[in-house]
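# Close look at the chain arrangement
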Amino acid sequence: MKQIFCSTVSSVGMYVPEKIVTNEDLTKLMDTSDEWIEERTGIKERRFVESGVATSDLGHKAAIDALNKSRIKSQDLDLIIATTLSPDFYFPGIGVLIQNKLSCDAPAIDLRGQCSGFTWAMTTADSFIRSGQYKKILIVGAEIQSRVIEFSNRGRNVSVLFGDGAGAMVLQSREVEHLPTATNNERGIIDNLMGSDGSGAEILAIKRPGMSGEDEFITTEETSEKAYLPIMDGRQVFKNAVRRLFESATTILERNKLKASDIDVVIPHQANLRINSAVAEKLGIEKHKVMHNIQKYGNTTSASLPICMSEACDEGKVKKGMLVLTLAFGSGFSWGANLIRW
Ligand code: UT7
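Residues numbered from 1 in each chain as written. Predicted model: local features only at pLDDT ≥ 70, side-chain atom pairs only at ≥ 80, totals over all residues. Heavy atoms only, no water.

Counting secondary structure elements, the protein chain contains 11 helices and 13 strands. In terms of overall dimensions, the protein chain is globule-like: its C-alpha atoms have a radius of gyration of 19 Å, near the 20 Å expected for 342 residues. Projected onto the principal axes, the alpha-carbon positions of the protein chain cover approximately 65 × 45 × 40 Å. Burial statistics for the protein chain: of 342 residues in total, 54% are counted as buried. For the protein chain, the exposed area adds up to about 15300 Å²; of that, 50% sits on carbon and sulfur atoms. Placing the 40 positive and 43 negative side-chain charges of the protein chain at their respective mean positions leaves the two points 5 Å apart. (Helix = DSSP H or I, 4+ residues; strand = E, 2+ residues; numbered from the N terminus. Rg over C-alpha atoms; globule rule 2.2 N^0.38 Å. Buried < 20%, exposed > 50% of the residue type's maximum accessible area, 1.4 Å probe, protein only. Areas by Shrake-Rupley, 256 points an atom, 1.4 Å probe, with all protein chains shown as cover. Lys, Arg positive; Asp, Glu negative; His and termini not counted. Charge placed at Lys NZ, Arg CZ, Asp CG, Glu CD.)

Here you go:
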C-alpha cells in the first residue's frame, strides 16, 4: 500500500534584538509623530540590531529556539529553507550560513518571497514532506531592515514601518491513513496557496544594486543618492494587499468547504493593522481570532508570521487541534496562505 505523509508543526521559535526603538525615538530623526504612525499602521515600537549582528545570527537564534522547543537536534534535520530580503551577502544566501552556525549538514536552500516568503517556504516544505523525500524540515525567516531604511523625511513613509527579527518553524513528517482535511481532525497542513503578480514588482522594491541592465552593479552616483534604499508606493501596496489577502482567504475557505467562522485563528503577515482589520472585516472573521503583534515589532517581513505564531503559541492563543489560517502579501507582488490543523 502507498505510504501517505503529512506535515505537522512541531514547534515555532523566534528571536528579536533587545534594542527597542519607539515612535517617539523616530520623531527625533524625521518629521513624524507617534499619533501618525500608530493611527496609520498600529505600530508603537520596533526592534533594531546593534552593529556587528548579521541577519543569519538572528535566524540562527530563532532556529535554536524552534529546535529546543521541538527537542530536535540540528544534526537530525533533513532540510533547511531560509527566507529573507535582507541577506548577509548578495550571495550565497543565509540558508548555508545558518546551516553552518547550527553545525549540521542538511541541505540549505534560500527562497525569495519577501513578506510572503514564510508562507511559500511552508508550502515548499509541505510538498517535500508529502512526497516522502524529507521528514524534518527547519524553516527560518530573518530580517535586518534597520540598515536599509532612510531615517529622514525622504524615507519616512517606509522607515517607520520596518523592524528587525527572526522566526523559525520545525515541520515534521507523520505517516497517516488519510491526509488532514478541514473536517477529519487529522493534525497537519491541510492546504496551501501561492500567488504572484510581477506587474507590481517595482511598486515595492530595492532596485539597485543589481543586474537590471545598467553597466555597473551600482554606480558611485547611485551610491551617493542612496539608490539602494527601498522604494514603495504605499497606497498601491495597501490596496493590493487587501485584495489579494481577501482573495487568498476566500479561495482557501471555498475549496475546503469552510465558512469564515470555522477558522479558529488567523495569523496574518504583520504589515499594517489597518490592512489586516480590513481583510478580517470583509471576511466576517471576529476580531479576537486575528493575531497581531505589529504594535511591538513593526513589519519584520519574512519573519513576521513565525514571530506572530510563536507568541500566539506561547500565550496559549494557538493550541493543538485548532484550525489556523496564515495569510501574507508583499513585494513581488507576492501572496500566500496555509490552512493548518495545529
Ligand atoms: O509588507 C508589505 C509592506 N508594505 C505595506 O504593507 C505598506 C502598505 N501601505 C501602508 O501601510 C500605508 O500606505 C502607509 C502607512 C505607508 C502610508 O499611509 P497612507 O495613509 O497611505 O499615507 P500616504 O502615503 O498617502 O501619505 C499621507 C500623508 C502625506 O502627506 P500629504 O501629502 O498628505 O501632505 C505624506 O507625506 O502623510 C505623509 N507621511 C507621513 N507623515 C508623518 C508619509 N509618511 C509619514 C510619516 N509621518 N512617517
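What follows deals with the site of the ligand. Looking at the ligand, there are 22 residues lining it, with T32, R40, C115, R235 and N272 nearest. The separation between an oxygen atom of the ligand and a polar side-chain atom of R235 is 2.7 Å. Within the side chain of N272, one N or O atom sits 2.7 Å away from an oxygen atom of the ligand. Burial of the ligand by the protein chains amounts to 74% of its free accessible area of 950 Å². Only α2 (34-41), α6 (156-159), α8 (234-255) and α9 (273-283) provide two or more residues apiece to the shell around the ligand. It is α8 that provides the largest number of residues to the shell around the ligand, a total of 4 residues. (Near = heavy atom within 4 Å. Polar contact = N/O pair within 3.5 Å; in protein donor to acceptor, adjacent residues only side chain to side chain.)

Turning next to the packing of aromatic side chains. The final tally for this structure, using the stated rule, is 5 aromatic pairs. Ring geometry for F48 versus F151: centroids 5.7 Å apart, planes at 55 degrees, classification tilted. Here the residue F48 occupies a position in the loop between β3 (45-47) and α3 (55-70), and F151 occupies one in the loop between β6 (136-143) and α6, the gap between them amounting to 103 residues. Seen from their ring centres, F128 and Y134 are 5.2 Å apart, and the 65 degrees between their planes marks the pair as edge-to-face. (Phe/Tyr/Trp six-rings, centres within 6.5 Å; stacked < 30°, edge-to-face > 60°.)

On to the state of the cysteines, then. Counted by the stated rule, this structure contains 0 disulfides. Lacking any disulfide linkage, C308 is separated from the closest cysteine sulfur, that of C313, by 9.8 Å. Its relative accessible area of 2% is what places C308 among the buried residues. (Disulfide = S-S within 2.5 Å.)

All right, on to the domain arrangement of the protein chain then. Often, the extent of an interface is quoted as the loss of accessible area on bringing the components together. Each assigned domain of the protein chain is listed with its residue range as follows: domain 1 (5-175) and domain 2 (188-341). Domain 1 and domain 2 are separated by 13 Å when their C-alpha centres are compared. Residue-level contacts link 52 residues of domain 1 with 49 residues of domain 2. Taken together, both faces of the contact between domain 1 and domain 2 bury some 4000 Å²; the carbon and sulfur share is 62%. Between domain 1 and domain 2 we count 1 salt bridge in total. If you tally residues by element for the side of domain 1 that touches domain 2, the top one is helix α5 (residues 117-131), at 7 residues. Residue composition of the side of domain 1 that touches domain 2, by class: 21 nonpolar, 18 polar and 13 charged. (Domains from an automatic or database assignment. Contact = heavy atoms within 4.5 Å. Buried area = accessible area lost by both parts, 1.4 Å probe. Salt bridge = Lys/Arg side-chain N within 4 Å of Asp/Glu carboxyl O. Nonpolar A, V, L, I, M, F, W, Y, C, P; charged D, E, K, R; others polar.)

Okay, the pattern of salt bridges next. Applying the stated criterion across every chain yields a total of 18 salt bridges. Where K28 meets D25, a salt bridge forms, and the shortest distance between an N and an O atom there is 3.8 Å. A residue is classified by how much of its surface remains accessible, and K28, at 64% relative accessible area, is exposed. Sharing partners across several salt bridges, the network here consists of D197, R243, R244 and E247.

Between its first and last C-alpha, α3 extends 23 Å over 16 residues, near the 22 Å set by a 1.5 Å rise per residue. Listed in full, the buried residues belonging to α3 are T55, S56, L58, G59, A62, A63, A66, L67 and S70. Buried residues of α3 fall within an arc of 165 degrees about the axis and therefore sit on the same side. Where α3 is buried, its residues touch β1 (4-15), α4 (94-101), β6 and β7 (165-176). The first or second residue beyond α3 is R71, which carries a positive phi of 55 degrees. (Expected span 1.5 Å × (residues − 1). Arc of directions from axis to C-beta.)

The next point concerns a nonpolar patch on the surface. A contiguous nonpolar surface patch, about 540 Å² in accessible area, is contributed by Y90, F91, M211 and F217. With respect to the helices, strands and loops of the structure, Y90 is situated in the loop between β4 (79-83) and α4. (Patch = residues over 30% accessible without salt bridge, like charges linked within 9 Å, V, L, I, M, F, W, Y side chains within 5 Å.)

Further remarks concern the packing of α8 against α9. The geometry of α8 relative to α9 is characterised by a closest axis approach of 9 Å and an angle of 40 degrees between their N-to-C directions. By the angle class used here, α8 and α9 are oblique. The way α8 lies across α9 gives a crossing that is right-handed. Mapping the contact onto sequence places F238, A241, V242, L245, F246, A249, T250 and L253 in α8 and R274, I275, N276, A278, V279, K282 and L283 in α9. Of the residues belonging to the contact of α8 with α9, the class tally is 11 nonpolar, 2 polar and 2 charged. (Axes fitted to C-alpha atoms, helices over the stretch in contact; angles between N-to-C directions. Parallel < 35°, antiparallel > 145°, perpendicular 65-115°, else oblique. Left-handed = near helix turned anticlockwise from the far one by under 90°.)

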